[in-house]
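# Structure assessment
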Amino acid sequence: MTSAIPMTPVNTVTIIGTGMIGTSIALALTERRVTVHLQDASEEALRIAEAMGAGIVAAPGRPTDLAVLAVPPRHVPGVLNDAQRRGTARHYTDVASVKTLGRAGPGGPGFDSSRFVGGHPIAGREKPGPAAARGDLFHAKPWVLTPTAHTSDETSGAARRLVELCGATLVTMDAHAHDRAVAVTSHLPHLLSSLTARLLREADPHALTLVGSGLRDFTRISAGDPELWTDILGSNATAVRDALEVLAGDVDRTLRALRSLTGEGAGPAAGADEDAAARQWLRTVLEEGRDGRARIPVKYGPQDRVFAQLRVALPDREGELARLLSDVSRRGVNVEDLRIDNDPEAPSGLIELLVDETEAEKLALWLTGLGWQVHAPTPA
């Protein structure tokens, strides 16, 4: 564990890459009174980031304490080698979502592996560019560091201090284990979301009027930057391929089940047995999918607390959300998270409040007494 490694002071930072993530880091640091110097090949991105108060474009007069490489995965090795040759900083880390870069990885001439530690904050938004940046983007979110045997304690300490300054939660992993994990939890889901959204290009416009919150939620991440995600998927191709091959086997079996149910099976003699087997497979997929989703933590951080979801009908009138949250606050209950399912054409929407399970029933009664239409609490 790296917890025994002391923090290295970080008072000056160079951010190389002022996209949404890089600018968000810069905003978080400037809020903590860290001096931030911004670098980017795009003059426009630099101007926007500087105008937002993320830092200054002027070059530092001496190496900064830390340089953060906020560039796509395949650019990390070249940018890292160049930054070290120029003496940009004393220590270096990156924020790319792929931590093993294979033959293209760090190790070229001039690269000092003792002064670099891989990093990946598990946070983001679909909107690209510095204008979408937020200083609180990393608050209470996991931030993975992947130190190696070559990484110096001082460099690890500087990266750990960066995580702390951004309000994130430190997670230490092996680089290969990280890439296998994000292939399943991030990269493959993004690819599947895009494949599904791609079908909508030729969909009947009348069919699109039937889109509900499920499809909106599932395809939300497909709105990400195609250029960046091409880089991510290509850089983590092995792990994504392995995960996709497992999924492809299940998809193929599901196709066979559906064909059987449409009469395309082995024939009438085997019809009843095929039908039963097909339906059992579909049920298994749905049950195991539900079980898999249940393993996802309801929120980041310690998982020893139990939460419940409280659904409240929200009238489509100005000020109703503020009134509801005020009523919850008066009861003294902390809302851990919330989600709004709202149809602009409907007279009311539905808000889901995530609260401590021990408070859910009392809060439901309290809100009902105040005139809110509340559904019975359900486990989160």
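In what follows, the structure referred to is the one given above.
Quick notes on the rules
Residues numbered from 1 in each chain as written. Predicted model: local features only at pLDDT ≥ 70, side-chain atom pairs only at ≥ 80, totals over all residues. Heavy atoms only, no water. Core = buried A, V, L, I, M, F, W, Y, C linked by side-chain atoms within 4.5 Å. Buried < 20%, exposed > 50% of the residue type's maximum accessible area, 1.4 Å probe, protein only. Helix = DSSP H or I, 4+ residues; strand = E, 2+ residues; numbered from the N terminus. Contact = heavy atoms within 4.5 Å. 1 Å grid on protein atoms, 1.4 Å probe; cavity = no way out; pocket = protein on both sides within 12 Å on 5 of 7 lines; lining within 4 Å. Points joined across faces, edges and corners; volume = space filled by probe spheres on them. Pairing = 2+ DSSP bridges. Salt bridge = Lys/Arg side-chain N within 4 Å of Asp/Glu carboxyl O. Axes fitted to C-alpha atoms, helices over the stretch in contact; angles between N-to-C directions. Polar contact = N/O pair within 3.5 Å; in protein donor to acceptor, adjacent residues only side chain to side chain. Arc of directions from axis to C-beta.

Moving on: the nonpolar core. Counting 34 residues, the largest nonpolar core has Ile15, Ile25, Leu29 and Trp143 as its most contacted members. When contributions to this core are tallied by element, the ones reaching two or more residues are β1 (12-16), α1 (20-31), β2 (35-39), α2 (43-51), β3 (64-69), β6 (142-146) and α4 (153-165). With seven residues, α1 is the largest single contributor of residues to this core. In this view, isoleucine 25 contacts Ile15, Val68, Val95, Phe138, Trp143, Leu162 and Cys166; residues no more than four positions away in its chain are not counted.

Right, let's get into the layout of surface pockets. Taken as a whole, the second largest pocket encloses approximately 410 Å³ of empty space. Residue lining of the second largest pocket: 22 residues in total, with Lys99, Phe116, Thr146, Thr148 and Ala175 positioned closest to the centre. Elements supplying a minimum of two residues to the lining of the second largest pocket: β5 (116-121) and α5 (175-199). In terms of residue count, the dominant contributor to the lining of the second largest pocket is β5 (three residues).

For the rest of this paragraph, the subject is the pairing of strand β4 (residues 89-94). Counting buried positions along β4 yields five of six residues, so the element is predominantly enclosed. One ladder, built from five bridges, connects β3 with β4; its direction is parallel. Across the sheet, residue leucine 69 finds its bridge partner in β4, namely aspartate 94. Relative to β5, β4 is paired through two bridges, and the arrangement is parallel. Bridge pairing links tyrosine 92 to phenylalanine 116 in β5.

Next up on the list: the pattern of salt bridges. Under the counting rule described, the total for this entry stands at 18 salt bridges. Taking the shortest distance from any N to any O, the salt bridge between aspartate 136 and arginine 134 comes out at 3.0 Å. The network of salt bridges with shared partners includes Asp82, Arg85 and Arg86.

Attention now moves to the sheet that holds β5. Backbone hydrogen bonds hold the strands of a sheet together, and the pairing may be parallel or antiparallel. With mixed pairing, seven strands are arranged side by side in an open sheet as β2-β1-β3-β4-β5-β6-β7. A single partner strand is all that each edge strand has here, and the edge strands are β2 and β7 (169-172). The average angle at which neighbouring strand axes cross in this sheet is 30°, direction not considered.

What follows concerns the side chain of aspartate 356. Structurally, aspartate 356 can be placed in strand β10 (residues 348-356). Note on aspartate 356: relative accessible area 19%, which makes it buried. Reaching out from aspartate 356, the side chain makes a polar contact with the side chain of threonine 358 at a distance of 2.6 Å.

Moving on, we come to α2. All of the buried residues along α2 are Ala45, Leu46 and Ala49. The buried residues of α2 all sit within an arc of 100° when viewed along its axis, so they share a single face. α2 presents Glu43, Glu44, Arg47 and Ala51 as exposed residues on the side facing more than 90 degrees away from its buried surface. Buried residues along α2 sit in contact with α1 and β2. Where α2 terminates, the next one or two residues include glycine 53, which has phi positive at roughly 85°.

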